[in-house]
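# Residue-level structure breakdown
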Amino acid sequence: MKAHIKPKPTVFMIFGGTGDLAERKLIPALYNLFLAEYMPKEFKIVGLGRTAYQDDSFREVLLEGVNKHSRSGKAEKDKWAEFAEHISYLKADVHNEKDYEKMEKIIETCDASWSEPSVIIHYLAVTPQFFPIIAKNLAKMKLANDINRTRIVVEKPFGHDLESAKELNHLLKNIFHESQIYRIDHYLGKETVQNMLAFRFANALFEPIWNRNYIEHVQISVTEDIGVEDRGGYYNTSGALRDMVQNHILQVLCLVAMEPPVNFDAEEIRNRKVDVLRAMRKFGSEEIRHNTVRGQYSEGWVEGEKVVGYREEKDVDPDSNTETFAALKFFIDNWRWQNVPFYVRTGKRIHQKSSIISIQFKDVPHLIFPSKSTESWQQNRLIISIQPEMSIRLQVQAKRPGLDMILNPVDMVFNYDGTYSTDTPEAYETLLLDAMKGDQTLFMRGDQVETAWELLMPVLESWESKKSISFPNYSADSWGPETAEALIAKDGFHWFTLPIKKSEKEKK
Ligand SMILES: NC(=O)C1=CN([C@@H]2O[C@H](COP(=O)(O)OP(=O)(O)OC[C@H]3O[C@@H](n4cnc5c(N)ncnc54)[C@H](OP(=O)(O)O)[C@@H]3O)[C@@H](O)[C@H]2O)C=CC1
Ligand SMILES: O=C1O[C@H](COP(=O)(O)O)[C@@H](O)[C@H](O)[C@H]1O
């Protein structure tokens, strides 16, 4: 994130180097950083796993992954060959101490021939059950103790609940200093999410009105058109609240609601974010009843094709009560946000893939125009579209051209596509580069994770204790359960959606 820091020579140890995340996200991201000349001159990527690969066969598999998943398209032969020289494979079991000795040897070899001692990044791209054993073995084999050189990147989910998140934090903090721990939330690496900081704190225009005096309500809506795909086993133990709200949505909410930081240091920004989480109103049983909604999708039709309901998905329990949709109304009890509702929703198999922040301003105090000229009246609204469209729109009222004084809402639009000709980096590119540079701004700190869990635990516990809910309660390709509409409609609002552009419809 910080342009002035250059990464030092780096060794990436990717635990789970043969897995889906490495193939689809991590290696394509590192390759794109290499193409854009952001990788240091001296670097090594070591993939670890139990599968029997040689360096060459491993590189072949990764090349296929890059060809399929990289935003830069198929790899150029020469460039890939140059990049692939930096990759090797280590057949290793996370439980086997001898395999950590081999890692140590690899690092020693790099250090012996490189211009300066390397930064070592242990990337845990394995299922969470292995996080503790890897951390313990790294410590035992003295691969964790150099605070200036060694970093650990921990994938999501970070805990299953408050207790397990605390346990994991406790274990990691006994081995690593907080400055070595990088808890990934890939939403924070998204270009449009990072832009929230620039938008709010590099423009004089918005900050004076960014408060309860001018803002009526805020919406954060992250909807997906896909189902659980091949992740039914994981998802069934998780659900929408754990999978999306506890991390991505609350992190985005913090960026919308935080106080202005005094500088751009990671600690300062993370302090301001955790202040928001601490100020969020706790859920009691009344709030859970009135301010939360859950849903689960049934079968339906998507683009002319029949899709199964959640309970029929692969690896999902046919009686599952796991929610695939969640909507909540939050309040932040501080001076800036008192009584401003923050509505959030997320769900799978929703009609449209779209991540939007919508900030609705209060109405004008006195309307001078006759009601027949203001039939399509819309209070000012700021819409930050994270994806698929990347844009910021300010909706204002304007006079429609003509001889009558008829007003209608129009959009002042900043659209990434029309403004910049450069490609946007993938979230993992930004985050991996930051991990190399040692910049933790876009990573979650231990206390943030715990405070977010603390906030949601009463909801999770209540939902898990009340099994009698009648699921499924929304059909695939709808906008979620009707109760989610009611949650916001009873306050006089409705969920905001951007119209799907024709080109996006065609892509589908
Ligand atoms: N896939 C995705 O899109 C996303 C994944 N994540 C997170 O990333 C992590 C990894 O996910 P994903 O890649 O999908 O998982 P996969 O199941 O595809 O990969 C798991 C990896 O763990 C390795 N592994 C399993 N057991 C051992 C062992 N005993 N010793 C050494 N290696 C072992 C496997 O290698 P082998 O079989 O060769 O031993 C494989 O490389 C999870 O925490 C997940 O939640 C987060 C966001 C998105
Ligand atoms: O972390 C996760 O995020 C994805 C959505 O990410 P996006 O970048 O495509 O918006 C979600 O599908 C997945 O269930 C969740 O684990």
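All residue numbers here refer to positions counted from 1 along the written sequence of the relevant chain. Whichever chain is written first becomes A and whichever ligand is written first becomes 1, with later ones labelled in order. The predicted origin of the model limits local features to residues at a pLDDT of at least 70 and limits the giving and counting of side-chain atom pairs to 80 or more, whereas totals for whole chains, interfaces and linings rest on all residues. Values reported for side chains reflect all heavy atoms of the structure, with hydrogen atoms and water molecules removed beforehand.

Each assigned domain of the protein chain is listed with its residue range as follows: domain 1 (10-155) and domain 2 (188-364 + 445-506). Each domain's extent is set by a domain assignment, obtained either automatically or from a database. The C-alpha centroid of domain 2 is placed 33 Å from the C-alpha centroid of domain 1.

Any two strands between which DSSP finds at least two bridges are classified as paired. Segments assigned H or I by DSSP are reported as helices when at least four residues long, segments assigned E as strands when at least two residues long, and all are numbered from the N terminus. Here we have eight strands laid out as an open sheet, ordered 8-11-12-7-13-14-15-16, and mixed in their pairing. Each of the sheet's edge strands pairs with one partner strand only, and the pair in question is strand 8 (292-295) and strand 16 (407-415). Averaged over all adjacent pairs, the angle separating strand axes in this sheet is 15°, with direction ignored. In terms of strand pairing, strand 7 (residues 215-223) meets strand 13 (residues 354-361) through eight bridges, oriented antiparallel. Residue pairing across strands places Ser221 opposite Ile356, the latter belonging to strand 13. The angle between two axes is taken between their N-to-C directions and runs from 0 to 180 degrees, where each axis is a line fitted to C-alpha atoms and a helix contributes only its stretch in contact.

Relative to the helices and strands, Asn32 is located in helix 1 (residues 20-35). A relative accessible area of 5% means that Asn32 is categorised as buried. In what follows, residue pairs with any heavy atoms lying within 4.5 Å of each other are defined as contacts. Those residues within four positions of Asn32 in sequence are excluded, and the remaining contacts are Ser70, Arg71, Ser72 and Glu429. Each residue gets one of three labels from its accessible area relative to the maximum for its type: buried under 20%, exposed over 50%, partly exposed in between, using a 1.4 Å probe on protein chains only.

This part covers the environment of Leu197. Structurally, Leu197 can be placed in helix 7 (residues 191-201). For the pair Leu197 and Val119, spaced 78 residues apart in sequence, the C-alpha to C-alpha distance is 28 Å. Beyond its immediate stretch of four places on either side in the chain, Leu197 contacts Met1, Ala202, Leu255, Met258, Phe264 and Ile269.

Strand order in the open sheet formed by three strands is 10-9-17, and the pairing between neighbours is mixed. Looking at the sheet topology across the chains shown, the edges are occupied by strand 10 (305-307) and strand 17 (474-476). Across this sheet, the average inter-strand angle for adjacent strands is 25°, counted without regard to direction. Judged from the three bridges that link them, strand 9 (residues 297-302) and strand 10 form a sheet pairing that is antiparallel. The partner of Val302 across the bridge, within strand 10, is Glu305.

Before going further, it helps to examine the site of ligand 2. Any residue with a heavy atom positioned within 4 Å of a molecule or strand is treated as near that molecule or strand. Lys156, His186, Tyr187, Lys190, Glu224, Arg231, Asp243, Met244, His248, Lys348, Lys353 and Gln387 make up every residue found near ligand 2. Contact distances for ligand 2 include 2.9 Å between an oxygen atom and a side-chain N or O atom of Lys156. Tyr187 places a side-chain nitrogen or oxygen 2.4 Å from an oxygen atom of ligand 2. Here the open area of atoms and residues is found with the Shrake-Rupley method and a 1.4 Å probe, where only the protein chains shown may cover a residue. Here ligand 2 loses 83% of its free accessible area of 390 Å² to cover by the protein chains. Looking at the shell around ligand 2 element by element, the count peaks at three residues for helix 9 (residues 240-257). Any N or O atom pair separated by 3.5 Å or less is treated as a polar contact, with the protein-specific requirement of one donor-capable and one acceptor-capable atom, and with residues adjacent in sequence counted only for side-chain atom pairs.

Attention now goes to the site of ligand 1. Neighbouring residues of ligand 1: 22 residues in total, closest Thr18, Asp20, Arg24, Arg50 and Thr51. In isolation ligand 1 offers 880 Å² of accessible surface; the protein chains occlude 80% of this area. Considering every element that reaches the shell around ligand 1, the biggest residue donor is helix 1, with three residues. Each residue receives one of three labels: charged for Asp, Glu, Lys and Arg, nonpolar for Ala, Val, Leu, Ile, Met, Phe, Trp, Tyr, Cys and Pro, and polar for the others, Gly being one of them. A per-class count over the shell around ligand 1 returns eight nonpolar, eight polar and six charged.

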